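Listed below, chain by chain, are the residues.
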Amino acid sequence: MATDELVKATGIAQHGASRLPSVDVDSFNIEIRDDDGFLGDRASRGAFRDVLERWRKPLRKTGEDPFGKVPTEEINKKTLDAILVGDDTEAAAVVHSAIEDFSQELAYVTRRFLKTKAWAKTERIVVGGGFRDSRLGELVIARAEIILKSEDFKIDLQPIRHHPDEAGLVGALHLAPSWIFEAHDSILAVDIGGTNIRCGLVETGWKKAKDLSKAKVVHSELWRHADDEPTREAAVKRLTKMLKGLITEAENGGYKLAPFIGIACPGVINADGSIEKGAQNLPGNWESSKFNLPASLIEGIPVIGEHDTAILMHNDGVVQGLSEVPFMQDVERWGVLTIGTGLGNARFTNRRKENGNGKDRDSTENGKKKGKNDKE
């Protein structure tokens with residue numbers, strides 16, 4: 001059984017910390033409600049499917065649905081992307097209609113976040129999650145930005161740079177203290193989701209760029225645990241096996257692997273590595289007071305190379321956002337929204353070094369532009 005002593009043995013920092021090496025995490029996983037329920041439900045992957053279905057419904061009644069009898073939930077992103085550039089104008093019109101409606105929803109949700117105290121003065125938002133990995137998603141992000149700017153919100157929305165499958169792995173580098181990179185060129189990273197668990201060997205690229213902008217995933221392994229429906233203990237055992245395989249991969253590849261594992265996990269992560277809430281889609285009860293993932297992994301992997309294993313875990317939206325740290329140095333306050341099964345969210349403030357490269361900023365509030373009569 002995992003013990004408190006094992007949790008403390010990680011010895012680098014607290015799990016779910018608000019202060020990280022490069023940024024302060026101002027908020028994450030906040031839940032906002034409106035009259036229809038949780039705000040995030042209006043900008044999820046399922047919400048887009050609902051919008052598309054609404055546009056298909058009247059056409060289906062008249063026998064003019066360009067998608068025929070194919071259920072909406074079976075129409076994937078690649079199919080929708082192909083329709084956008086294809087010759088079927090009716091199908092393209094349906095998809096564009098859904099894009100417009102969903103963009104309005106994303107703009108509404110973003111607006112509500114910007115009006116919260118935690119997201120005040122946000123200058124840029126990156127949008128990640130699986131939905132972003134499509135032309136469809138890119139159009140939604142661009143359209144939502146235009147809507148917000150038409151309302152005088154001074155905010156940039158842009159797709160996350162790394163592939164969504166890799167952003168949660170690359171972001172784990174920014175959980176680690178910088179001294180780790182001086183003697184090692186890679187780490188192990190884990191991205192846990194409600195459907196998949198992905199593990200990766202992440203090369204830091206620190207000698208090429210000390211801001212970690214050259215980091216990349218050199219090897220990864222995916223397990224679709226939702227298909228297997230394992231117990232919690234079986235899931236941990238499989239995860240441990242995957243990580244051990246990557247350790248072997250690193251050794252065979254000549255990498256100088258750090259004794260560090262960064263974990264991205266859904267939910268509110270407590271300082272001791274337990275999960276307070278938000279892990280309901282994971283196999284078994286991960287929110288139990290008797291379960292601690294970092295401690296369980298240390299039991300299975302007590303050392304990496306010649307050193308004790310150190311593990312840090314944080315919310316998956318936070319970690320995905322952290323992959324953008326090198327590219328956010330021209331702003332001070334920025335956030336991430338991840339569109340997937342739900343809507344992940346996190347807001348960051350950069351901590352600048354002396355003589356940093358940030359540009360001067362005005363005293364805007366809630367991301368809104370100054371009025372014409374306001375002084376510069």
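Residues numbered from 1 in each chain as written. Predicted model: local features only at pLDDT ≥ 70, side-chain atom pairs only at ≥ 80, totals over all residues. Heavy atoms only, no water.

Colleague: For this particular structure, what's the right way to read the overall build of the protein chain?
Modeller: The secondary structure content of the protein chain amounts to eleven helices and 16 strands. Over its C-alpha atoms the protein chain spans a radius of gyration of 22 Å, differing by no more than 12% from the 21 Å that the globule rule assigns to 376 residues. Taking the principal axes of its C-alpha atoms as reference, the protein chain extends roughly 65 × 60 × 40 Å. Across the 376 residues in the protein chain, those meeting the buried criterion constitute 51%. Residue pairs at least 24 apart in sequence account for 71% of intrachain contacts in the protein chain once pairs closer than 6 positions are excluded. If you sum the accessible surface of the protein chain, you get close to 18400 Å²; carbon and sulfur atoms cover 46% of it. Charge separation in the protein chain, taken as the distance between the mean sites of 53 positive and 59 negative side-chain charges, equals 3 Å. (Helix = DSSP H or I, 4+ residues; strand = E, 2+ residues; numbered from the N terminus. Rg over C-alpha atoms; globule rule 2.2 N^0.38 Å. Buried < 20%, exposed > 50% of the residue type's maximum accessible area, 1.4 Å probe, protein only. Contact = heavy atoms within 4.5 Å. Areas by Shrake-Rupley, 256 points an atom, 1.4 Å probe, with all protein chains shown as cover. Lys, Arg positive; Asp, Glu negative; His and termini not counted. Charge placed at Lys NZ, Arg CZ, Asp CG, Glu CD.)

Colleague: I'm lost on the sheet that holds strand E15 (residues 333-339) in this one. Help?
Modeller: Note: strands within a sheet are paired through backbone hydrogen bonds, in either parallel or antiparallel orientation. If you walk across this open sheet you meet the five strands as E1-E16-E15-E4-E5, and the pairing is mixed. Each edge of the open sheet is held by one strand with a lone partner, namely strand E1 (23-28) and strand E5 (156-159). Strand-to-strand twist across the sheet, computed as the mean angle between neighbouring axes with direction ignored, equals 25°. On the sheet, helix H4 (residues 89-114) packs against strand E4 (124-128), E5, E15 and strand E16 (343-350) and is oriented at approximately 140° with respect to E15. (Pairing = 2+ DSSP bridges. Axes fitted to C-alpha atoms, helices over the stretch in contact; angles between N-to-C directions.)

Colleague: Any chance you could explain helix H5 (residues 135-150) here in plain terms?
Modeller: Each full turn of the α-helix corresponds to 3.6 residues, which orients residues three or four apart in the same direction. With 16 residues, H5 ought to run about 22 Å at 1.5 Å a step, and its terminal C-alpha atoms sit 23 Å apart, in line with that. Leu 136, Gly 137, Val 140, Ile 141, Ala 144, Glu 145, Ile 147 and Leu 148 are the residues of H5 that are buried. The elements touched by buried residues of H5 are helix H2 (45-61), helix H3 (77-84), H4, E4 and E5. Downstream of H5 by one or two residues, Asp 152 has phi in the positive range, about 70°. (Expected span 1.5 Å × (residues − 1).)

Colleague: I keep staring at the sheet that holds strand E6 (residues 186-192) and nothing clicks. Help me out?
Modeller: The strand order across the open sheet formed by five strands is E8-E7-E6-E9-E14, and the pairing between neighbours is mixed. In this open sheet, the two edge strands, each paired with only one partner strand, are strand E8 (216-223) and strand E14 (310-315). On average, each strand axis in the sheet is inclined to that of its neighbour by 20°, with strand direction left out of account. Bridge count for strand E9 (residues 257-265) against E14 is six bridges, and the pairing is parallel. Among the inter-strand pairings, Cys 265 is bridged to a residue of E14, identified as Asn 315. Contacts between helix H10 (residues 293-300) and the sheet are confined to E6, E9 and E14, with E14 contributing the most and set at about 150° to the helix.

Colleague: Got a minute to help me understand the nonpolar core in this structure?
Modeller: The biggest cluster of nonpolar side chains holds 40 residues, and the ones touching the most others in it are Leu 80, Val 95, Phe 102, Phe 113 and Leu 136. Top element by residues in this core is H4. It accounts for twelve residues. Setting aside residues up to four positions removed in sequence, Phe 113 forms contacts with Ile 30, Ile 32, Leu 39, Trp 119, Leu 337, Leu 343 and Asn 345. (Core = buried A, V, L, I, M, F, W, Y, C linked by side-chain atoms within 4.5 Å.)

Colleague: Before we go on, may I ask you to explain the confidence of the model for the protein chain in this structure?
Modeller: When the pLDDT values of the protein chain are averaged, the result is 89; 91% of them are 70 or greater. Every residue in residues 1-10 is under pLDDT 50, and counting partners more than four places away or in other chains gives 18 contacts. (pLDDT = per-residue confidence, 0-100.)

Colleague: Is there a simple way to think about a negative patch on the surface in this case?
Modeller: On the surface, Glu 64, Asp 87, Asp 88 and Glu 90 cluster together into a patch of negative charge. Here Asp 88 is to be found in the loop between H3 and H4. Residue Asp 88 is classed as partly exposed on the basis of its relative accessible area, which comes to 38%. (Patch = residues over 30% accessible without salt bridge, like charges linked within 9 Å, V, L, I, M, F, W, Y side chains within 5 Å. Salt bridge = Lys/Arg side-chain N within 4 Å of Asp/Glu carboxyl O.)

Colleague: What is the right way to look at unusual backbone geometry in this model?
Modeller: With the exception of glycine, the majority of residues adopt a negative phi angle, and the majority of peptide bonds are in the trans configuration. Unusually for a residue other than glycine, Lys 121 sits at a positive phi of about 65°. Within the element layout of this structure, Lys 121 appears in the loop between H4 and E4. One non-glycine residue, Asp 152, lies in positive phi territory at about 70°. With respect to the helices and strands, the residue Asp 152 is situated in the loop between H5 and E5. Looking at Asp 152, the relative accessible area reads 45%, which means it is partly exposed.

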